[in-house]
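Commentary on secondary and tertiary structure
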Amino acid sequence: MSMFGTVGRMVHAYMQMRRLNRNERIVAALPPEIQKDIGWPDLGGHPAQNRQDPRFLQLPRS
């Protein structure tokens, strides 16, 4: 496995985490009525609920 492949997977995982955080902030900023209509926060099976879980930040395999 090359160093560039590893760095690429790390960058991809970091960008994915940033997108998830941005989306969560956007939805959390909506009025409570709209959040309820879209089912927010429904954490059932959502990866964000497991942020303390070390498997959450595993790099994707190519």
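See above for the structure.
Keep in mind that what you see is a predicted model, and the values were worked out from it rather than measured.

1. Section: the overall build of the chain
Within the chain, the regular secondary structure consists of 2 helices and 0 strands. Buried residues in the chain amount to 10% of all 62 residues. In the chain, the share of contacts with a sequence separation of at least 24, taken over all contacts with a separation of at least 6, comes to 55%. Carbon and sulfur atoms make up 59% of the accessible area of the chain, which amounts to about 5,400 Å² in all.

2. Let's talk about a nonpolar patch on the surface
A grouping of Met3, Phe4, Val7, Val11, Tyr14 and Met15 is seen on the molecular surface, where their side chains present a nonpolar patch of about 660 Å² in accessible area. Mapped onto the elements, Val11 comes out in helix α1 (residues 3-28).

3. Section: the side chain of Gln35
Structurally, the position occupied by Gln35 is in helix α2 (residues 32-38). The exposure class of Gln35 is buried, given its relative accessible area of 14%. With residues near it in sequence (within four places) discarded, Gln35 still touches Val27, Ala28, Ala29, Leu30 and Trp40.

4. Quick look at α1
In this model, α1 (26 residues) spans 38 Å end to end at C-alpha, consistent with the 38 Å of a helix rising 1.5 Å per residue. Among all positions in α1, only Arg9, Ala13, Glu24 and Val27 are buried. Those residues of α1 hidden inside the fold are in contact with α2.

So, how was this worked out
Residues numbered from 1 in each chain as written. Predicted model: local features only at pLDDT ≥ 70, side-chain atom pairs only at ≥ 80, totals over all residues. Heavy atoms only, no water. Helix = DSSP H or I, 4+ residues; strand = E, 2+ residues; numbered from the N terminus. Buried < 20%, exposed > 50% of the residue type's maximum accessible area, 1.4 Å probe, protein only. Contact = heavy atoms within 4.5 Å. Areas by Shrake-Rupley, 256 points an atom, 1.4 Å probe, with all protein chains shown as cover. Patch = residues over 30% accessible without salt bridge, like charges linked within 9 Å, V, L, I, M, F, W, Y side chains within 5 Å. Salt bridge = Lys/Arg side-chain N within 4 Å of Asp/Glu carboxyl O. Expected span 1.5 Å × (residues − 1).

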